[in-house]
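Structural characterization, general
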Amino acid sequence: MANNNVVVTISADTMGNGAEELGKILIKSFIYSLTELPKPPKSVLFFNGGALLTTEGANTIDDLKTLESKGTEILTCGTCINYYGLQDKLTVGAVTNMYEISTRMASADNVINI
């Protein structure tokens, strides 16, 4: 990666299609792998089911906090937090809106959609 303007979007609490249990293992592994990159992404944006990964009880919280400590913005869709009834359960990052999510995606040099 020549630049640091990489944005990752995560729209589910699993990765890929198929076995749900495997998908949960894969998404945890993917998020961990982001912490090991020489240049972590500028932002990781969570929406829809991905919002579950930034809230209380998710097994991804420690890795997301590590990313955040390395300068990555962790942003979760507020509409999604409200939809899932998780208003007081956000554990890492900040709440954002779809306008900000689309703005960050549009201004990124690279967007990785999961």
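To keep things clear, this report deals only with the structure shown in the data block. Here the structure is a predicted model, which is why all the values come from computation and not from measurement. Residue positions within a chain follow its written sequence, with the count starting from 1. This being a predicted model, a pLDDT of at least 70 is required before a residue's local features are given, and a value of 80 or more before pairs of side-chain atoms are given or counted; all residues contribute to the totals for chains, interfaces and linings. The basis for the side-chain values is all heavy atoms of the structure; hydrogens and waters are excluded.

1. Notes on the overall build of the protein
In terms of regular secondary structure, the protein is built from four helices and five strands. Helix and strand assignments follow DSSP, with helices taken as H or I runs no shorter than four residues and strands as E runs no shorter than two, numbered in order from the N terminus. N-terminal to C-terminal, the α/β element order of the protein is β-α-β-α-β-α-β-α-β. For the C-alpha atoms alone, the extent of the protein along its principal axes is close to 40 × 30 × 25 Å. The cut-offs for exposure are 20% and 50% of the maximum accessible area for each residue type, with area from a 1.4 Å probe on protein chains only; residues under the lower value are buried, those over the upper are exposed, and the others partly exposed. Residues classed as buried in the protein amount to 39% of the 114 residues present. Excluding contacts between residues fewer than 6 apart, the proportion of contacts in the protein whose partners are at least 24 apart in sequence is 72%. Here the Shrake-Rupley method, with its probe set to 1.4 Å, supplies the accessible areas, and only the displayed protein chains count as covering residues. Carbon and sulfur atoms form 51% of the exposed surface of the protein, whose accessible area is close to 6100 Å². Neither His nor the chain termini are counted; the positive set is Lys and Arg, and the negative set is Asp and Glu. To locate a charge, the coordinates of NZ of Lys, CZ of Arg, CG of Asp or CD of Glu are taken. Here the protein carries 8 positive and 12 negative side-chain charges, and the mean point of each set is 5 Å from the other. Here, residues are in contact when the closest pair of their heavy atoms is within 4.5 Å.

2. Things to note about the packing of helix α1 (residues 20-35) against helix α2 (residues 61-69)
Here an angle of 0 to 180 degrees is reported between the N-to-C directions of two axes, which are lines fitted to C-alpha atoms, with helices fitted over the stretch in contact. Where α1 contacts α2, the axes come no closer than 9 Å and their chain directions differ by 25°. If you check the angle between α1 and α2, you find them roughly parallel. Our pair here, α1 against α2, has a crossing hand that is left-handed. Here Lys28, Ile31, Tyr32, Leu34 and Thr35 of α1 lie close against α2, whose contacting residues are Asp63, Leu64, Thr66 and Leu67. By definition in this entry, angles of less than 35 degrees are roughly parallel, angles greater than 145 are roughly antiparallel, angles of 65 to 115 are roughly perpendicular, and the rest are oblique. Note on convention: near helix rotated counterclockwise from far helix by under a right angle means a left-handed crossing. Clockwise means right-handed.

3. Re the packing of aromatic side chains
Ring pairs are drawn from Phe, Tyr and Trp, using the six-membered ring of Trp, whenever the two centres fall within 6.5 Å, and their geometry is named by plane angle: stacked under 30 degrees, edge-to-face over 60, tilted for the rest. Applying the stated rule across the entire model yields one aromatic pair. Between Tyr83 and Tyr84, the aromatic rings sit 5.2 Å apart at their centres with planes inclined by 90°, giving edge-to-face as the arrangement.

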